[in-house]
Amino acid sequence: MAFRASKSQEEGVNKARWKLGLRSRKNVIVKIVDLYAFSVYGTAEDAEVLNRVKERVKEQDRIWWVLEAKKGAGWYLQEEICSLSGAKLLSPFSIFTLKNHIQLKKLIRNGIPPSLRPKVWMAVSGAAKKRETVPESYYRDLTQAVEGRITAATRQIDHDLARTFPSHPWLDTPAGHVALRRVLVGYSFRDSYVGYCQGMNFIAALLLLVMKTEEEAFWMLAVLLENILFKDCYTDDLSGCHVEQRVFKDLLDKKYPRLSAHLDLIGFDASLVITEWFLCLFAKSLPSETTMRVWDALFNEGAKVLFRVALAIFKNR
C-alpha cells in the first residue's frame, strides 16, 4: 500500500540526495583548460572556481573599457600617470594626475584584463622606455648576430626547452621552443654576466604567452632582471636569491612570529619553497591567472610584491 511522505521526510530525502550529489561531484575528475590554455585535472568544484575566475576577468575587462571610454584611449599609458614615483611626488603635479595614478594602481591590483596586459605591462614596468634607448632593430639584430653560436648558456637553454611547461599546446611545440630559445639566447648575450639560469625559462615562457611577440617578451624579461628584481638573483652563485631568503626570514619573524617559531620548531627551512617561488616568480607554483595577477602588481610596484605574496601563502597555509 502506497503512502504519502511527510514534509519533514521529503526534506530529509532531498538533503540526503544533495549530500550524495555533492560527494559524487567531489569525486568526479574533469579536464580543465584555463585562460592561457594550460590543462589541469580537478574536480567539478575546481571547474566552477575557474569559471568564476573567468567571469571576474570579464568584469574587470568591462571596468577597464568603461574607463577607457570615459578618460580617453590609453589614459593609463601616459608617463606621468603610469610611472609616478616617490621622487615625482615631491615635485609639482596636478591633483588630476595623482587621482589617475591612484586609480590605476587600484585597477592593477584588481587585475589587468588579458587583452590589455601587454601594453599596460610595457608601460608601467618601464620596458617601453628601455626599448626606446636602442635602435628599433635591436632585437632582430641581436638574435641574428648570435644565431648558431654555442655557449654554456645556450647548451643549458637547449636542455631546458622541452622541460618548460611540457604539454602546453603552443609552448611545447617546435614553434614555441624556437621562440622561447630566441628570447633566452638573446638575453644571455645581452647580459653575459647573468647569461642564463634555470627559472628564467618559465618566466620567459609566460611572457611569450601574454605579450604575444618575442620582442616585447624580451624587453619585459630585460626590465625584470635589470630594473625590478634584486640584483644577482640569476648569477652563478645566486647571491641575490640568498639575500631574498634572508629578507623573507626576517619578515616572517617580524610579521608572524608564532608561525616562524613553529617552523623553526619542526625544522622546516622556508628557503626550500621560496627559492623556486622567487626564481620562477610563482610561475610553477600558482595557477596561471593567479600568477598573472601577481605579475600585474610586480611590474607596477616592484619586488616587494613577491614578499607580500609569499607571506600571504605562509599565513593562509
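The structure this text deals with has already been given above.
The present account deals with the structure reproduced in this document.

Assigned secondary structure in the chain consists of 17 helices and two strands. Looking at the chain as a whole, 44% of its 317 residues qualify as buried. For the chain, the proportion of contacts with a sequence separation of at least 24, taken over those separated by at least 6, is 67%.

Next up on the list: the nonpolar core. Membership of the largest hydrophobic core comes to 87 residues, with the highest contact counts inside it found for Trp121, Leu207, Tyr234, Phe248 and Trp295. Take this core: its biggest share by element is 11 residues, from helix H11 (residues 200-211). Those residues within four positions of Trp121 in sequence are excluded, and the remaining contacts are Ile112, Leu207, Val210, Met211, Met220, Met292, Trp295, Asp296 and Phe299.

Okay, the packing of aromatic side chains next. Scanning all chains against the criterion turns up 20 aromatic pairs. Measuring from centroid to centroid gives 5.7 Å for Trp75 and Tyr76, while their planes differ by 75°, and the two rings are edge-to-face. Of the two residues, Trp75 and Tyr76, both sit in the buried class. Between Phe248 and Phe314, the ring centres sit 5.4 Å apart and the planes meet at 50°, which makes this aromatic pair tilted. Taken together, the residues span a long stretch of sequence, with Phe248 in helix H13 (residues 239-255) and Phe314 in helix H17 (residues 304-316) at a distance of 66 residues. Note on Phe248: relative accessible area 0%, which makes it buried. Judged by relative accessible area, which is 10%, Phe314 ranks as buried.

Now for H17. If you check H17, its first and last C-alpha atoms are 19 Å apart, about what 13 residues at 1.5 Å a residue would give, namely 18 Å. Lining the buried residues of H17 we find H13, helix H14 (257-265), helix H15 (271-280) and helix H16 (288-301).

Our focus in this paragraph is the pairing of strand E1 (residues 29-33). Relative to strand E2 (residues 39-43), E1 is paired through five bridges, and the arrangement is antiparallel. From the neighbouring strand, Ile32 faces E2, where its bridge partner is Val40.

Let us look at the side chain of Glu244. Tracing the chain through its elements places Glu244 in helix H13. The buried charged residue Glu244 lacks any salt bridge partner; its closest oppositely charged side chain belongs to Arg246, at an N-O distance of 11 Å. The contacts of Glu244, once residues within four sequence positions are left out, are Phe230, Cys233, Phe278 and Phe307.

A few words now on the packing of H11 against H16. In the contact formed by H11 and H16, the axes pass within 12 Å of each other and the chain directions differ by 90°. Here H11 lies roughly perpendicular to H16, going by the angle between them. Contacts from Ile203, Leu206, Leu207 and Val210 of H11 reach H16 at Thr291, Met292, Trp295 and Phe299.

Our focus in this paragraph is the side chain of Asp160. Structurally, Asp160 can be placed in helix H9 (residues 152-160). A distance of 3.2 Å separates polar atoms of two side chains, one belonging to Asp160 and the other to Gln198. With sequence-adjacent residues up to four places away left out, Asp160 is seen in contact with Tyr196, Gln198 and Asn201.

Note that Lys130 resides in helix H7 (residues 127-132). Each C-alpha atom of the pair Lys130 and Val223 lies 7.4 Å from the other, and the pair is 93 residues apart in sequence. Beyond its immediate stretch of four places on either side in the chain, Lys130 contacts Arg190, Trp219, Ala222, Val223, Glu226 and Asn227. Polar side-chain contacts of Lys130 include one of 2.9 Å to the side chain of Glu226.

The next thing to look at is H16. Over its 14 residues, H16 extends 20 Å from the first C-alpha to the last, a length consistent with the 20 Å expected when each residue adds 1.5 Å. Most of H16 sits inside the fold, with 12 of its 14 residues counted as buried. Within H16, burial applies to Ser288, Glu289, Thr291, Met292, Val294, Trp295, Asp296, Ala297, Leu298, Phe299, Asn300 and Glu301. Downstream of H16 by one or two residues, Gly302 has phi in the positive range, about 105°.

Now for a nonpolar patch on the surface. On the surface, a cluster of nonpolar side chains totalling about 450 Å² of accessible area is made up of Leu265, Ile266, Phe268 and Leu272. Note on placement: Phe268 falls in the loop between H14 and H15. Classification of Phe268 as partly exposed rests on a relative accessible area of 32%.

Rules behind the numbers
As a convention, each chain's residues are numbered from 1 in the sequence order in which they are written. Where totals are concerned, whole chains, interfaces and linings use all residues; where local detail is concerned, this predicted model gives features only for residues with pLDDT of at least 70, and gives and counts side-chain atom pairs only at 80 or more. Heavy atoms throughout the structure, all of them, feed into the side-chain values; hydrogens and water do not. Helix and strand assignments follow DSSP, with helices taken as H or I runs no shorter than four residues and strands as E runs no shorter than two, numbered in order from the N terminus. Per-residue accessibility, obtained with a 1.4 Å probe over protein chains only, is compared with the maximum for each type, and a residue is labelled buried under 20%, exposed over 50%, and partly exposed between these values. Any two residues whose heavy atoms approach within 4.5 Å at even a single point are treated as in contact. Nine residue types can take part in a nonpolar core, namely buried Ala, Val, Leu, Ile, Met, Phe, Trp, Tyr and Cys, and a core is a set of them joined through side-chain atoms within 4.5 Å. Two rings belonging to Phe, Tyr or Trp (six-membered ring only in the last case) form a pair when the distance between their centres is within 6.5 Å. Interplanar angles under 30 degrees mark stacking, angles over 60 mark edge-to-face geometry, and anything in between is tilted. To estimate how far a helix should extend, the number of its residues minus one is multiplied by 1.5 Å. Two strands qualify as a pair provided that DSSP identifies no fewer than 2 bridges between them. In this tally, Asp and Glu contribute negative charge and Lys and Arg positive charge; neither His nor the terminal groups of the chain are included. We define a salt bridge as a side-chain nitrogen of Lys or Arg found within 4 Å of a carboxyl oxygen belonging to Asp or Glu. Lines are fitted to the C-alpha atoms to define the axes, a helix being fitted only along its stretch in contact, and any angle between axes, read from their N-to-C directions, falls within 0 to 180 degrees. The cut-offs work like this: below 35 degrees is roughly parallel, past 145 is roughly antiparallel, 65 to 115 is roughly perpendicular, and the gaps in between are oblique. N or O atoms within 3.5 Å of each other form a polar contact, as long as, within protein, one can give a hydrogen and the other can take it, and as long as residues adjacent in sequence are counted only when both atoms are side-chain atoms. Patch membership requires over 30% relative accessible area and the absence of a salt bridge. Like charges are linked within 9 Å, and nonpolar side chains (Val, Leu, Ile, Met, Phe, Trp, Tyr) within 5 Å. Reported accessibility uses the Shrake-Rupley method at a 1.4 Å probe radius. Residues are deemed covered only where the shown protein chains occlude them.

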